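# Reading the structure
Each chain, letter by letter, is given below.
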Amino acid sequence: MSTAIDTPAAPATEKLTKKALTADHPTWCPGCGDFAVLNIFYRVLEKLQYPHENIVCVAGIGCSSRFPYFMNTHGIHFIHGRALPLATGISLSRPDVHVFVFGGDGDGFSIGGNHLNHAARKNIKLTYVIMDNFVYGLTKKQTSPTSPIGFKSKTDPTGSIDRPINPMRQLLASGATFIARTHAAQVKHMEAMFERAILHDGFSVVECLSECVMFYSGAFDDSTPRKGGTYELIDETQHDVTDETAAFKMAENLAPGKFGVYYQVNRPTKNALEQKWIDETQSKLGGVSQKEILKKRFEAMR
């Protein structure tokens, strides 16, 4: 008779599918480009097969910021422009999770513009998708920071007179270590950009042109071939993605501009640098847990 002890089999890991990732039914307007962005994000997560419980989606305010409602993952719909500070805290405190941030041009380049600069320069490990539609759509057609000069809206009835932000130049100046540009109507290209951004070790950001068919229809016709536009891809055999000067030059004219990876470099993340402090401190204290260190610190402050 055998005396071997039967070891219980480890529970099988459930395959991550679109069905498992889907929560509420998307409620964007019919024809909105954000539907395609959501579908491609599902597809990339299915491909990467990250543990379901280790995925976190954070968003600010705006049409595109409804993402956490439609994703069956950990998710937070935060206040306007403040998604990145919250996501930064999650990323730094939970190195085991994958943090994704979604927002629009208003949330990213206006209300949250300051936070974008600091999260980027610190090289926080997360992926940020900016769904740029050149308009505040949720509030029914107001001029946004990327609306072109002359755009007529409820806040600019005679046409915008303010110079719009150039997203690529803004992101390059911020210190982000992965910067790409894509289009919601070019799903294969969008999928490739999302996957490269997610696999980048650092602050990765993708500007995705996503048309608002209700309040700025035709905004991206110049980059839509079926409407007579041109969709020119960056040729990485000619463009060195580590050349910041070349990236700035390529970003001079984004009407319609080029699509692909503008810039990518490797630089230590704040996550790794802080972890080094933590490890060194624990080592000096004889391997005391982080919780115990924090407890003693609070006791010393009394």
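Residues numbered from 1 in each chain as written. Predicted model: local features only at pLDDT ≥ 70, side-chain atom pairs only at ≥ 80, totals over all residues. Heavy atoms only, no water.

### Quick word on a nonpolar patch on the surface
A surface patch of nonpolar side chains, about 340 Å² in accessible area, is lined by Leu294, Phe298 and Met301. The topology assignment puts Met301 in the segment after helix H11 (290-300). Relative accessible area serves as the criterion here: at 57%, Met301 is assigned to the exposed category. (Patch = residues over 30% accessible without salt bridge, like charges linked within 9 Å, V, L, I, M, F, W, Y side chains within 5 Å. Areas by Shrake-Rupley, 256 points an atom, 1.4 Å probe, with all protein chains shown as cover. Salt bridge = Lys/Arg side-chain N within 4 Å of Asp/Glu carboxyl O. Helix = DSSP H or I, 4+ residues; strand = E, 2+ residues; numbered from the N terminus. Buried < 20%, exposed > 50% of the residue type's maximum accessible area, 1.4 Å probe, protein only.)

### Describing the packing of aromatic side chains
Summed over the entire model, instances satisfying the criterion amount to 11 aromatic pairs. Their ring planes at 90° and their centres at 5.4 Å tell us that Trp28 and Phe35 sit as a pair that is edge-to-face. The exposure class assigned to Trp28 is buried, which follows from its relative accessible area of 6%. Between Phe41 and Phe102 the ring centres are 4.9 Å apart and the planes differ by 75°, which places this aromatic pair in the edge-to-face class. (Phe/Tyr/Trp six-rings, centres within 6.5 Å; stacked < 30°, edge-to-face > 60°.)

### Considering the domain arrangement of the chain
How big an interface is tends to be reported as the loss of accessible area on association of its parts. For the chain, the assigned domains are domain 1 (18-267) and domain 2 (268-301). Here the C-alpha centre of domain 2 lies 35 Å away from the C-alpha centre of domain 1. Taken residue by residue, the interface counts 9 residues in domain 1 and 5 residues in domain 2. Of all residues in domain 1, Leu92, Lys122 and Arg267 bury the most surface against domain 2, accounting for 61% of the area lost on that side. Taken together, the connections running from domain 1 to domain 2 amount to 6 residue pairs in polar contact (both at pLDDT 80 or more). Across the side of domain 1 that touches domain 2, the residue classes break down as 2 nonpolar, 3 polar and 4 charged. (Domains from an automatic or database assignment. Contact = heavy atoms within 4.5 Å. Buried area = accessible area lost by both parts, 1.4 Å probe. Polar contact = N/O pair within 3.5 Å; in protein donor to acceptor, adjacent residues only side chain to side chain. Nonpolar A, V, L, I, M, F, W, Y, C, P; charged D, E, K, R; others polar.)

### Quick look at the pattern of salt bridges
The full count for this structure, using the stated rule, is 11 salt bridges. One salt bridge in this structure joins Lys47 and Glu195, with 2.9 Å as the shortest N-O distance. Taken together, the residues Lys47 in helix H2 (residues 34-48) and Glu195 in helix H8 (residues 187-199) connect sequence positions 148 residues apart. Lys125 serves as the salt-bridge partner of Asp201, at 3.5 Å between the closest nitrogen and oxygen. On the criterion of sequence distance, the pair formed by Asp201 in the loop between H8 and strand E8 (203-209) and Lys125 in the loop between helix H6 (113-121) and strand E4 (126-132) is long-range, its members being 76 residues apart. Judged by relative accessible area, Lys125 falls into the partly exposed class, the value being 35%. The network of salt bridges with common partners includes Glu211, Asp221 and Lys227.

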